[in-house]
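Take a look at the letters that make up each chain.
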There are 2 protein chains.
Amino acid sequence: MGKIKTSSTNFENKSNLATGCPEAYAVNLIKGQWILSICYCLKNARLRFSEIRNQIPNITERMLTLQLKQMEENKLILKYVYAEVPLRVEYELSEIGKGLLPILERLGDWGQHHREYLEAEAFK
Amino acid sequence: MGKIKTSSTNFENKSNLATGCPEAYAVNLIKGQWILSICYCLKNARLRFSEIRNQIPNITERMLTLQLKQMEENKLILKYVYAEVPLRVEYELSEIGKGLLPILERLGDWGQHHREYLEAEAFK
DNA sequence: ACCCATACTTACATAAATGTTCGTTCCTTA
DNA sequence: TAAGGAACGAACATTTATGTAAGTATGGGT
């Protein structure tokens, strides 16, 4: 993702929306391409970096690193580092991260319903 | 937004996630920068293009056009065109679009809570 | 001395989303 | 004849997100 440019119009718009609208603020926390997959993996388990990677087929190590870092900064997950060899790092959902799960479930139900609706429309 | 490149890895990943995971599918429908603002405007009203534009301070006509088009393609909104002069076009939330509102409300509550939590953390 | 695995990091390249500017079409009114 | 508002569209530039390939640090095992 790289650094963002705090002088751009785009950045300013994003900030304004995130400040004024909690829905937009929330969506910004979860719209990363792999974040929901990671949430799903960590739903009922505390996992290591490599375990997450193996459960998400097409993710690269770079993207996994970036998304985990972002989630940690946003306090959606907790990170545990064990000074062993080889290094062991584990991740789990935070309390506030877990609070997202039931909402995501409803959003998923809506998405499922929406998809079926669109497919039915396509037939007509 | 322009055309997307259906041969890219990025596109393929997005497709796979949207196919397999209804949560990711749903987030894709609402992650556009201005889509939630538009939903908010149309929550209780059927509005013209220019009315929406005036209610969302920093949006450009181009972005409003693009996001409305995307929402219409995804059947989140309905578009009514009246052959008058000057031209009149109105938009309103579809049934399935309205179904999103209560979920967004819960997401907004969570976002609000999350934001306050982060701010409290920053004090410590 | 060398290799191994883990969990990254860095540099670079591409794709996608958003922003800026200008133009267009319709008909009406001045 | 000119001007004007509504709702866009096109060309181009910038910013952000994602992908690819390679390298690093660690310390133990062989």
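Because the structure is a prediction, the values reported are computed rather than measured. (Residues numbered from 1 in each chain as written. Chains lettered and ligands numbered in written order. Predicted model: local features only at pLDDT ≥ 70, side-chain atom pairs only at ≥ 80, totals over all residues. Heavy atoms only, no water.)

1. Overview of the relation of the copies chain B and chain A
Then step 1. In the superposition of chain B on chain A (RMSD 0.0 Å, axial shift 0.0 Å), the rotation amounts to 180 degrees. The transformation just described matches what one would write down for a two-fold rotation axis. The C-alpha atom lying nearest the rotation axis in chain B is that of Lys31 of chain B; the distance is 3.2 Å. (Least-squares fit on C-alpha atoms with pLDDT ≥ 70 in both.)

2. Remarks on the pattern of salt bridges
Then step 1. Taken as a whole and assessed by the stated rule, the structure comprises 12 salt bridges over all chains.
Then step 2. Two residues, Arg46 of chain A and Glu92 of chain A, come together in a salt bridge whose shortest N-O distance is 3.5 Å. Highlighted residues: Arg46 of chain A in the loop between helix 3 (35–42) and strand 1 (47–48) and Glu92 of chain A in strand 3 (residues 88–93), separated in sequence by 46 residues.
Then step 3. Accessibility expressed as a relative area gives 32% for Arg46 of chain A, which makes it partly exposed.
Then step 4. The exposure class assigned to Glu92 of chain A is partly exposed, which follows from its relative accessible area of 22%.
Then step 5. Put simply, Glu90 of chain B and Arg46 of chain B hold a salt bridge, and the shortest N to O gap is 3.3 Å. Linking Glu90 of chain B in strand 3 (residues 88–93) with Arg46 of chain B in the loop between helix 3 (35–41) and strand 1 (47–48), this pair joins segments that are 44 residues apart in sequence. (Salt bridge = Lys/Arg side-chain N within 4 Å of Asp/Glu carboxyl O. Helix = DSSP H or I, 4+ residues; strand = E, 2+ residues; numbered from the N terminus. Buried < 20%, exposed > 50% of the residue type's maximum accessible area, 1.4 Å probe, protein only.)

3. Quick notes on the UniProt feature "domain: HTH hxlR-type" (unreviewed entry) in chain A
Then step 1. Feature annotation in UniProt assigns "domain: HTH hxlR-type" (unreviewed entry) to the following positions: residues 21–119 of chain A.
Then step 2. Split by type, residues 21–119 of chain A is 61% helix and 14% strand. Its first and last C-alpha atoms lie 32 Å apart. (UniProt positions renumbered as here; feature names shortened; annotations may be inferred.)

4. Digging into the sheet that holds strand 1 of chain B
Residues and elements named next belong to chain B.
Then step 1. Spatially, the three strands line up as an open sheet ordered 1-3-2, and their pairing is antiparallel. In this open sheet, the two edge strands, each paired with only one partner strand, are strand 1 and strand 2 (77–82).
Then step 2. With six bridges joining them, strand 2 and strand 3 adopt antiparallel strand pairing. Along strand 3, the bridge assignment pairs Lys79 with Tyr91. (Pairing = 2+ DSSP bridges.)

5. Regarding the packing of helix 2 (residues 22–30) of chain A against helix 7 (residues 101–123) of chain B
Then step 1. The interhelical angle for the contact between helix 2 of chain A and helix 7 of chain B, taken along N-to-C directions, is 80 degrees, at an axis separation of 7 Å. The angle between the axes of helix 2 of chain A and helix 7 of chain B places the two elements in the roughly perpendicular class. Contacts from Pro22, Glu23, Tyr25, Ala26, Val27 and Leu29 of chain A in helix 2 of chain A reach Leu104, Glu105, Leu107, Gly108, Trp110, Gly111, Gln112, His114, Arg115 and Leu118 of chain B in helix 7 of chain B.
Then step 2. By residue class, the composition of the contact of helix 2 of chain A with helix 7 of chain B is nine nonpolar, four polar and three charged. (Axes fitted to C-alpha atoms, helices over the stretch in contact; angles between N-to-C directions. Parallel < 35°, antiparallel > 145°, perpendicular 65-115°, else oblique. Contact = heavy atoms within 4.5 Å. Nonpolar A, V, L, I, M, F, W, Y, C, P; charged D, E, K, R; others polar.)

6. Digging into unusual backbone geometry
All names here are of chain A.
Then step 1. Omega for the bond connecting Val85 with Pro86 falls within 30 degrees of zero, at -5 degrees, which places this linkage in the cis form.
Then step 2. Its location among the elements puts Pro86 in the loop between strand 2 (77–82) and strand 3.
Then step 3. Within the chain, Lys75 stands out as a residue other than glycine whose phi angle is a positive 65 degrees.
Then step 4. Along the polypeptide, Lys75 turns up in the loop between helix 5 (61–73) and strand 2.

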